[in-house]
Amino acid sequence: MTTPEALKGLYVALGGNAADVAGKVLTVEVLNAISGKYGGETSAVTIPEAIQAITAVAGEIGKE
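All of these numbers come straight from a predicted model, not from anything done at the bench.

Draft legend 1. Inspection of the overall build of the protein at higher detail. Of the regular secondary structure elements, the protein holds four helices and zero strands. In terms of C-alpha radius of gyration, the protein reaches 11 Å, essentially the compact-globule figure of 11 Å for 64 residues. Considered along the principal axes of its C-alpha atoms, the protein spans approximately 30 × 25 × 15 Å. A total of 64 residues make up the protein; the buried ones form 33% of that total. Considering only intrachain contacts with a sequence separation of at least 6, the fraction spanning at least 24 residues in the protein is 19%.

What follows is the structure, encoded as structure tokens:
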């Protein structure tokens, strides 16, 4: 399993729709989707930027 595939599984486990990330092939793309699911930034170009964006909205994860 690749990192993007694993992150897609996480996205779905967090309540996201698999179709929303089906076409994403880069780790940063899926991380951006996770961030966006919680109202965060979705334009990160690097993995550290994407993780920082998720960190900024981490308090929203699990509130659904």
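Draft legend 2. A look at helix 1 (residues 3–13). Those residues of helix 1 not exposed but buried are Pro 4, Leu 7, Lys 8 and Tyr 11. Looking down the long axis of helix 1, one finds its buried residues gathered within 110° of arc, a one-sided arrangement. Next to the buried residues of helix 1 lie helix 2 (18–21) and helix 3 (27–37). Positive phi shows up at Gly 15, right after helix 1, with a value of about 100°.

Draft legend 3. A look at the packing of helix 1 against helix 3. Orientation of helix 1 relative to helix 3, taken along the N-to-C sense of each, is 15°, at an axis distance of 8 Å. Considering the angle they form, helix 1 stands roughly parallel to helix 3. As for how helix 1 packs across helix 3, the hand of that crossing is left-handed. The segment helix 1 lies against helix 3, with Thr 3, Pro 4, Leu 7, Lys 8, Leu 10 and Tyr 11 engaging Thr 27, Val 30, Leu 31, Ala 33, Ile 34 and Lys 37. For the contact of helix 1 with helix 3, the class distribution of residues is eight nonpolar, two polar and two charged.

Draft legend 4. Spatial organisation of the environment of Leu 31. Turning to its location among the elements, Leu 31 is positioned in helix 3. For Leu 31, a relative accessible area of 8% puts it in the buried group. Along the backbone, Leu 31 and Ala 44 are 13 residues apart, and their C-alpha atoms lie at a distance of 8.6 Å. Discounting chain neighbours no more than four positions away, the residues touching Leu 31 are Leu 7, Ile 47, Ala 50, Ile 51 and Ile 54.

Draft legend 5. Representation of the side chain of Ser 35 in the model. Here Ser 35 is to be found in helix 3. Since its relative accessible area comes to 0%, Ser 35 is described here as buried. Once you skip the residues sitting within four places of it in the chain, Ser 35 turns out to touch Gly 40, Glu 41, Ala 53, Ile 54 and Val 57.

Criteria and cut-off values
Residue numbering note: each chain is counted from 1, following its sequence as written. Per-residue local features of the predicted model are confined to residues with pLDDT of at least 70, and side-chain atom pairs are confined, for both listing and counting, to 80 or more; whole-chain, interface and lining totals are unaffected and use all residues. Computation of side-chain values: all heavy atoms of the structure, hydrogens and water removed. Secondary structure is summarised from DSSP: a helix means a run of H or I of at least four residues, a strand means a run of E of at least two, and numbering begins at the N terminus for each. Based on C-alpha atoms, the radius of gyration is set beside the globule rule, defined as 2.2 Å times the residue count to the power 0.38. Burial status follows relative accessibility: with a 1.4 Å probe on protein chains alone, a residue under 20% of its type maximum counts as buried, one over 50% as exposed, and anything between as partly exposed. Here, two residues are considered to be in contact whenever any of their heavy atoms come within 4.5 Å of each other. What the arc measures is the spread of directions leading from the helix axis to the C-beta atoms. Structural elements are reduced to axes, namely lines fitted to C-alpha atoms, with helices fitted over the stretch in contact, and the angle between N-to-C directions of any two is expressed from 0 to 180 degrees. In this scheme, roughly parallel covers angles under 35 degrees and roughly antiparallel covers those over 145, while 65 to 115 is roughly perpendicular and the rest are oblique. Crossings are assigned a handedness: left-handed for a near helix turned anticlockwise from the far helix by less than a right angle, right-handed for a clockwise turn. Think of it as three bins: nonpolar holds Ala, Val, Leu, Ile, Met, Phe, Trp, Tyr, Cys and Pro, charged holds Asp, Glu, Lys and Arg, and polar takes everything else, Gly as well.

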